[in-house]
Amino acid sequence: MDAGLIPAKLFECQVAESRPVGAYRQLALVAPEIAYLAHPGQFLMARLAGPALDPLLPRPMCVHDIDSDLVKLLIDPVGKGTAALAEAEVGDRLSVLGPLGRGFDMEGEGPAVVVGGGIGVSPLLLLTRALLQRGREVRCVLGFRNRSQAVAAGLFPGAAIDLLTEDGSAGRTGLVSEPLPGCLVREEGNPAPEIFACGPDAMLKAVARIAADCGVRAQVSMDTHMACGIGSCQGCVIPGPEAYRKTCIEGPVFDTRDLKWQ
Amino acid sequence: MAVNLKTALGPLELDHPVINASGTFDVLEADTVLEEDLFARFPFAAYVPKTVTLAPRAGNAPPRLYETSAGLLNSIGLANRGIEAFIRDDLPRLALLPVPVIASVAGEATEDYGVCAAMLDGRDELAAIELNVSCPNVELHGRALGLDPAGTHRAVSLARESTSKFLIVKLTPNVTDIVEVAAAAVDAGADCVSLINTVHGMVLDPWSLKPVLGNVTGGLSGPAIKPVALRAVFLVSQAVTAPVIGMGGVTTAQDALEFLAAGASAVAMGTASFRDPLAVTGVVAGLAELMEERGIGSVAGLSGAAH
């Protein structure tokens, strides 16, 4: 199935669960259609339902996990929009447009190296489950600022995990770019490893460089400010090799070779 | 009481008074992304595509967006593929919409307004042309033509000489006296004025204290600017005989009602469509209810009620 050709709809979804995951907040929404249709790496435009005009716009939120009829979001309350979503209580309703964007291409056969930084781990949980289900070998390299954020690494099921923190309060001290080249060694007779990554721009830039150096494919999920999420506003663009690319409809997942890394 | 939502902008007959603001609803993309069949049931009463310029423009460096208190600051920079690509690729598809299509053009040089109007003049797909005179103009060292009455008059005159299409001029609020600029546009041959475009603004990153937008400053839209827009519509609609399209923060049916009362013949929704791409449907339905509650039977009976 092409990850980008599912028509999106506007839903009003009830919050079924809300729980802290260290520094983050995990919300579960009752959203059976999105749960059925969404592909790993796709996103939703979400805001609290109702007439309040501040925050004004929905926020792009990765589909973090799916559990039967529930669609889960992982929220880092960094601004007023994300803070309002993080404060949603069980029974509150969210206005949700989705599923949107092009997700990860999981058709490859090589070992998957899943690289996450901070809140960027959000879409990687659903991706990891899907890759494991396909029988792919999965190794996760997850980096966080500190132990409080690193609690999110505990969400990842059944995959080998390398955990790093910048302050050394959990796992090894350092950045994900340090152990990554060692994970990309191709075993004799096996298909080449493949990177799936989401995280801060600096991390993704390092991932793109390492992927190029090691000659492996890397898909990255880009996080930009968006107003509409459906290709109208042209606000979410990032540089491609020739022209700006719209993160919302051409991404959010891109092959690193399709973007320009300054 | 049955409420009649029909309205007219000169020869353009609209089924209801709510259209989209240029650059805020890309029907060709939205029709692909959304489940809604927008070509069968188009929710706006007319369609205004994104502004095009003579030459393609890549647009401004990102970041291009930042949300402010009940508002949105943007610096997209008129990113577009140029008028030739618009005519060749987009117009044949837009002709399939069940509503009038209004092209929006901007000039990087004053002459461009005449050239673009001439290129669009013979296109039967178009019901009207909107001149966006708020584009930073190369001759004026990055200032918009629409910032003064003389510049607006020159641009509109050139377009008027080049087309017999219904000509709408979109005005910027970033002027000392918008009434004076509106009068200059009408004097030069504008059939209609639309107002307001975005309000100049900027935001700083709370930590680094540097400008957030790649272009440093941007244009503010959304509910935050509604009172600015309402005043401009109130003043301009009393000063010129041409019909007025009111816009600037129209988000709810009550907003639409107030812009019409302030003197607009139609209103446009912009940022509200980013919040909810189909918000227009609720605004149109809500407008009929609000008019009925007030015993107002038609848009003509509402327009200018505040004067």
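Note: the structure precedes this text.
Thresholds applied
- Position numbers for residues count from 1 along each chain, tracking the sequence in the order it is written.
- A letter from A marks each chain and a number from 1 marks each ligand, given out in the order of writing.
- Local features in this predicted model are restricted to residues whose pLDDT is 70 or higher, and side-chain atom pairs enter the listing and the counts only when it is 80 or higher, whereas totals over whole chains, interfaces and linings include all residues.
- Each side-chain value is derived from all of the structure's non-hydrogen atoms; neither hydrogens nor water enter the calculation.
- DSSP calls a pair of strands paired once it identifies at least 2 bridges connecting them.
- Only runs of H or I of at least four residues qualify as helices and only runs of E of at least two qualify as strands under DSSP, and these elements are numbered from the N terminus.
- We call two residues in contact when some of their heavy atoms are within 4.5 Å.
- Comment: axis = line fitted to C-alpha atoms, over the contacting stretch for helices; angle = value between 0 and 180 degrees taken between N-to-C directions.
- Summed over both partners, the accessible surface that disappears when two parts come together, traced with a 1.4 Å probe, is what is meant by buried area.
- The term salt bridge refers to a side-chain nitrogen of Lys or Arg lying within 4 Å of a carboxyl oxygen of Asp or Glu.
- In protein, a polar contact means a hydrogen-donor-capable atom and an acceptor-capable atom, both N or O and within 3.5 Å, with residues adjacent in sequence counting only if both atoms are side-chain atoms; elsewhere, any N or O pair within 3.5 Å suffices.

Participant: Teacher, can you tell me more about the sheet that holds strand β11 (residues 172-173) of chain A here?
Facilitator: Hydrogen bonds between backbone atoms are what pair the strands of a sheet, whose relative direction is either parallel or antiparallel. Residue and element names in this part refer to chain A. Pairing is mixed in the open sheet, where 7 strands are placed in the order β11-β10-β9-β8-β12-β13-β16. The open sheet has two free edges, formed respectively by β11 and β16 (253-255), since each of these has just one partner strand. The sheet contact formed by strand β8 (residues 112-117) and strand β9 (residues 138-144) spans 6 bridges and is parallel. For A112, the partnering residue across the bridge sits in β9 and is V138. Strand contacts of helix α3 (residues 122-133): β8, β9 and β12 (194-198), with the helix running at about 170° to β8, the strand carrying the most contacts. Its contacts with the sheet place helix α6 (residues 201-214) against β8, β12 and β13 (217-221), and it is angled at close to 170° to β12.

Participant: Would you take a moment to explain the interface of chain B and chain A for this structure?
Facilitator: In many reports, interface size means the accessible area that the parts give up when they come together. Each side of the interface is counted separately: chain B has 34 residues, and chain A has 33 residues. Around 2800 Å² of area is buried between chain B and chain A when both sides are counted, 62% of it from carbon and sulfur atoms. When residues of chain B are sorted by the area they lose upon contact with chain A, E67, F274 and R275 of chain B head the list and together hold 28% of the total. Joining chain B to chain A, the criterion identifies 4 salt bridges. Linking chain B with chain A are 13 residue pairs in polar contact (both at pLDDT 80 or more). Only α1 (27-33), β4 (65-68), β5 (71-74) and α8 (271-275) of chain B provide two or more residues apiece to the side of chain B that touches chain A.

Participant: Is there a simple way to think about the sheet that holds β4 of chain B in this case?
Facilitator: All names here are of chain B. Judged by pairing direction, the sheet is antiparallel, and its 4 strands sit side by side in the order β4-β5-β13-β12 without closing on themselves. Taken across any chain shown, the strands that pair with only one partner, and hence form the sheet edges, are β4 and β12 (199-201). This sheet shows a mean twist of 35° between the axes of neighbouring strands, independent of strand direction. In the sheet, β5 pairs with strand β13 (residues 218-221) via 3 bridges, with the strands oriented antiparallel. Bridge pairing links L73 to L220 in β13.

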